[in-house]
Amino acid sequence: MEFLSQAMIYLAAAVICVPVAKRLGMGSVLGYLLAGIVIGPFVLGFIGKEGQDIMHFAEFGVVMMLFLIGLELEPAQFWRLRRSILGLGSLQLGLTTFILFPAFLITGFAWQAALAVSLALAMSSTAIALQTVKEKGLSQTAAGQASFSVLLFQDIAVIPVLAILPLLAINASAAHGHTTFIDQFPGWVQTLALFLAVGIIYFAGRYLIVPLLRLIARTQLRELFTASSLFLVVAIATLMQLVGLSPALGAFLAGVVLANSEYRHELESDLQPFKGLLLGLFFIGVGASINFELIRTSPGTVFLLVAGIMLVKSFVLFLSGRIFRLKTDQNLLYTFALSQVGEFAFVLFSFTGQLGILSAEWTGTLMAATAITMTVTPFLLLLNEKVIDPRFGVKEKPDEREADIIEDRHKVIIAGFGHFGSTIGRFLRANGVEATILDNDSDRVELLRRMGFKVYYGDATRRDLLESAGAGEAKILVAAIDDPESNRNLASTVKKHFPHLRTLVRARSRMDAYDLIELGVNDIYRESLHTSIALGVDVLAGLGYRRYTALRQGQKFLHYDEKALAGMAAMRHDTKQYIIQARESFRLQEELLSRDLHQDLAGNDHSWDSETIRESLSGPIVE
Amino acid sequence: MATFIDSFLIVIFAMQNHTVTMKVLIVFTHPRFEKSLNQRLLVKQIPVSGEITFHDLYEHYPGFDIAMEAEQRLLTEHDVIIWQHPFYWYSAPALMKQWIDIVLDFGWAYGPGGTALTGKYALNVITAGGPRQAYSKEGYNRFAIRELISPFDQTAALCRMTYLPPFVLHGTHRLSAEEGKSAASDYRFLLETLRSGDFPAEDMVKHVYMNDWIALQKY
């Protein structure tokens, strides 16, 4: 019962505080922190010391986050942004650490502590910065790209930093508090084991995990796939711990290895909720362990810390933006967006605390300062937008592109790559348009991958999978799944969650088409309509009709049929009326067509038909 | 007394002339519009207005299946018909001819009872690669533009429309930015003039090119 009531307190706090924080424009990280503070020992006191234990457990969320970061790291995008990632990123991290380090030394820190703290404070908040940039639609601007680059560099930098931290431990026994199995061997064996472990991850990722996932995907049991995703990350973490390496590093590596596999989006969407919950739990733990006594007794120290840190970070950011030639308005946005200390700092502080690098008192103070910088960010951005930017900024318009160029970032998603979808995919590819393809037949996915298509395994009707396939940024979605019901579900999911996305839907029959019309879908493609008309045209030609006449009849039939479809869909609910209408419609169709052809296209047109003119006695003859 | 009434009527007539605007339909064909700098230059000049309709045929009927009734409805709603197109092989792109074949129907546009277009105005707006001199007896194209587009001229006449001289942008392969700009502004001026409904058709038709008439008005 103890566990349940605990879980209830945590979940209730999150459910109440996170939406409130989001409402106030502060982001979910601050919401979780707030929840932790509220239920922590200084406000309501629901949880006390066990906050620490919860955090140990929740740190696994960090491992998962790094796995996902690795998974999302697209080599192509990395390469495109390599200059700003490596240049801007290392400049920001290096310079910030370089300035903060002596400052903390002067304050009286040991050099190990000063270094650890400086590195931690140099990190910015991915959750806050990227979310803000995305919400304002600035992802494609120079500031958006620069922010993304710096954050990515920091994400990657966390791994070596986590690896270095134990080496900085002043108290050696604290670092090796839990002796690992590998410690009993001599140094060279340990080193060998380390390389072996990394090698194992690489080869397993390539040759073991993907076939295994394929096997599991074939069972069509979703929860089994989720279980194996979790197993994968847990196993990697365990392996790494065994050889005394950072589990985060192992997870990141595994993520990178799997980034090119067809299960990328499926893994991503399966692990996302776990990562979110665990990180949420982690931040609640952080919130609960912020020591408000410290802030109350020495508000001056905390205030100085916040002001000093933000000034240094902003200065370095603005300078680096200048060096990389950002326009002033872009540079300001980039500076303010990244000026806070990020969630990684919490991770790093809690590690440094455990390792005994930093006193509990300082850990608490720094965590409080970090939380405050995060809280301040949304207000700073607002200030920038309303006051500073209008005065100094030069506006860069986000979309000044040539109309003809189709961006190589995938703007099209094709769901379902059977005989219908694959033709669409081939056609688009022939025109240089690469689409993101989703299919949930693992055998087919494997085959198509071998043929060089970028296909991902997964059930496209799931919102989370659509999200990770980029439905938020895509322009067009093609619903080409074999099963009509799935297409219908997909169409309604898209309508609900991605209303901007234009959806072109395959319909098997007239009845499917009616259902889709009812859902409000405008672009409906009955799969057999065009083919059967083409066949019909050939039949007419085979009977001796001139080809062009037959073709025109086919074109007219198509237009008429589309019109009749829309008309009849409206009538469908009154079944009786529908039957009458349908019969009426077919009668009309028949009549119209025969009139078209046998009465010299009477009531339609007489194009290229001189007979009518000849029949008409008066009037000039033009031929 | 009679003269008084006459002058009164003239004033009324003049006032009407000034207040009655005309609706202009631009029937546009270009099979590769995205690659045509000069047509884009002209199209950009078309004022956004309820009285001017830009109708891009290749965008509407890529399969050449022109909807006769819809097109005829459009024509009925407008007073001035502009055929805007590049000058391909001394004529318009194929879809323009398809449009004429299907839409200008016997008994509707011409022939007995074919009075739907009576009294409307028609003209071509053309971009041509060669210079104006090339389109003459001595030039390498041997015929003048007016000779080559006489089918349009006569089509308009058969439909009892007044055919106005064409607006031609010559030498499009070697057009300078300045020349392009001034041609574009001339086109805008023409459209504004036609829309106002206040233009001397009987004066315009005396010119070979509409460009010549515009030059006289502006300079």
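Residues numbered from 1 in each chain as written. Chains lettered and ligands numbered in written order. Predicted model: local features only at pLDDT ≥ 70, side-chain atom pairs only at ≥ 80, totals over all residues. Heavy atoms only, no water.

### Focus: the overall build of chain A
Item 1. Broken down by element type, chain A carries 27 helices and 6 strands.
Item 2. Scored against the burial criterion, the 623 residues of chain A give a buried share of 48%.
Item 3. Excluding contacts between residues fewer than 6 apart, the proportion of contacts in chain A whose partners are at least 24 apart in sequence is 73%.
Item 4. For chain A, the exposed surface amounts to about 31,400 Å²; the carbon and sulfur share of it is 64%. (Helix = DSSP H or I, 4+ residues; strand = E, 2+ residues; numbered from the N terminus. Buried < 20%, exposed > 50% of the residue type's maximum accessible area, 1.4 Å probe, protein only. Contact = heavy atoms within 4.5 Å. Areas by Shrake-Rupley, 256 points an atom, 1.4 Å probe, with all protein chains shown as cover.)

### Focus on the overall build of chain B
Item 1. Looking only at helices and strands, chain B features 10 helices and 6 strands.
Item 2. A buried classification covers 50% of the 219 residues belonging to chain B.
Item 3. Working note: accessible area of chain B is about 11,000 Å², and carbon and sulfur atoms make up 58% of it.

### Some thoughts on the packing of aromatic side chains
Item 1. A complete count under the given rule lists 16 aromatic pairs over all chains for this structure.
Item 2. On the numbers, 5.8 Å between centres and 40° between planes, the contact of Phe225(A) with Tyr263(A) is tilted. Highlighted residues: Phe225(A) in helix α11 (residues 222-242) and Tyr263(A) in the loop between α12 (247-258) and α13 (264-289), separated in sequence by 38 residues.
Item 3. Overall, Phe225(A) belongs to the buried group, its relative accessible area being 2%.
Item 4. In this structure Tyr263(A) comes out as buried when scored by relative accessible area, which is 0%.
Item 5. Directly above the ring of Tyr209(B) sits Arg132(B), whose terminal nitrogen or CZ lies 3.8 Å from the centroid. (Phe/Tyr/Trp six-rings, centres within 6.5 Å; stacked < 30°, edge-to-face > 60°. Lys NZ or Arg CZ within 6 Å of the ring centre and 35° of its normal.)

### Structural notes on the nonpolar core
Residues and elements named next belong to chain A.
Item 1. Core analysis: the biggest nonpolar cluster contains 96 residues, and Phe-104, Val-117, Leu-121, Leu-165, Tyr-334, Phe-346 and Phe-349 have the highest contact counts within it.
Item 2. With 13 residues, helix α8 (residues 142-168) is the single largest residue contributor to this core.
Item 3. Not counting residues within four places of it along the chain, the set of residues in contact with Leu-121 comprises Leu-100, Phe-104, Ile-309, Lys-313, Val-341, Phe-349, Leu-366 and Thr-370.
Item 4. The next biggest cluster of nonpolar side chains, apart from the first, holds 42 residues, and it includes Ile-216, Leu-267, Leu-278 and Ala-435. (Core = buried A, V, L, I, M, F, W, Y, C linked by side-chain atoms within 4.5 Å.)

### Here's the deal with the packing of α11(A) against α12(A)
Residues and elements named next belong to chain A.
Item 1. Following both chains from N to C, one finds α11 and α12 inclined at 135°, their axes separated by 8 Å at the closest point. Judged on the interaxial angle alone, α12 and α11 are oblique. Crossing geometry of α11 relative to α12 is assigned as right-handed. Where α11 abuts α12, its residues Leu-232, Ile-236, Ala-237, Met-240 and Gln-241 lie against Pro-247, Gly-250, Ala-251, Ala-254 and Leu-258. (Axes fitted to C-alpha atoms, helices over the stretch in contact; angles between N-to-C directions. Parallel < 35°, antiparallel > 145°, perpendicular 65-115°, else oblique. Left-handed = near helix turned anticlockwise from the far one by under 90°.)

### Some points on the pattern of salt bridges
Residue and element names in this part refer to chain B.
Item 1. Applying the stated criterion across every chain, the model contains 23 salt bridges over all chains.
Item 2. Across the salt bridge formed by Arg-32 and Glu-34, the nearest N and O atoms sit 3.3 Å from each other.
Item 3. The residue Lys-97 makes a salt bridge to Asp-101 at a minimum N-O spacing of 2.9 Å. One end of the pair, Lys-97, and the other, Asp-101, are both in helix α5 (residues 94-103), 4 residues apart, so they sit about a helical turn from each other.
Item 4. The class for Lys-97 is partly exposed, based on a relative accessible area of 48%. (Salt bridge = Lys/Arg side-chain N within 4 Å of Asp/Glu carboxyl O.)

### So, helix α24 (residues 529-542) of chain A
All names here are of chain A.
Item 1. The end-to-end C-alpha distance of α24 is 20 Å, a good match for the 20 Å that 14 residues give at a rise of 1.5 Å each.
Item 2. Among all positions in α24, only Leu-529, Ile-533, Val-537 and Ala-541 are buried. Taken end-on, α24 shows its buried residues confined to a sector of 110°, consistent with a single buried face. What points out from α24, more than 90 degrees from its buried face, is the exposed set Thr-531, Leu-535 and Gly-542.
Item 3. At the C-terminal side of α24, Gly-544 shows a positive phi close to 110°. (Expected span 1.5 Å × (residues − 1). Arc of directions from axis to C-beta.)

### Things to note about the packing of α8(A) against helix α17 (residues 343-355) of chain A
All names here are of chain A.
Item 1. Running from N to C, α8 and α17 point in directions that differ by 5°, and their axes come no closer than 10 Å. One finds that α8 runs roughly parallel with respect to α17. The segment α8 lies against α17, with Asp-155, Val-158, Val-161, Leu-162, Leu-165 and Pro-166 engaging Phe-344, Leu-348, Phe-351, Thr-352 and Leu-355.
Item 2. The residue makeup of the contact of α8 with α17, split by class, is 9 nonpolar, 1 polar and 1 charged. (Nonpolar A, V, L, I, M, F, W, Y, C, P; charged D, E, K, R; others polar.)

### Notes on the pairing of strand β1 (residues 412-415) of chain A
All names here are of chain A.
Item 1. Neither face of β1 is left uncovered, since the one carrying Val-412 and Ile-414 and the one carrying Ile-413 and Ala-415 both have all their residues buried.
Item 2. Relative to strand β2 (residues 436-439), β1 runs parallel, the two being bridged by 3 bridges. Bridging across to β2, Ala-415 finds its partner in Leu-438. (Pairing = 2+ DSSP bridges.)

### Here's the deal with the sheet that holds strand β4 (residues 476-479) of chain A
Residues and elements named next belong to chain A.
Item 1. One open sheet holds the 6 strands; their spatial order is β3-β2-β1-β4-β5-β6, and the pairing between them is parallel. Each end of this open sheet is capped by a strand with a single partner; those strands are β3 (455-457) and β6 (523-526). Each strand of the sheet is rotated relative to its neighbour by a mean of 20°, with strand direction disregarded.
Item 2. Bridging between β4 and strand β5 (residues 502-507) involves 4 bridges; their strand directions are parallel. The partner of Val-478 across the bridge, within β5, is Leu-504.

### Structural notes on the environment of Ala67(B)
Residues and elements named next belong to chain B.
Item 1. On the secondary structure map, Ala-67 appears in the loop between α3 (57-60) and α4 (68-77).
Item 2. Looking at Ala-67, the relative accessible area reads 31%, which means it is partly exposed.
Item 3. For Ala-67 and Trp-99, which are 32 residues apart along the polypeptide, the C-alpha to C-alpha distance reads 9.1 Å.

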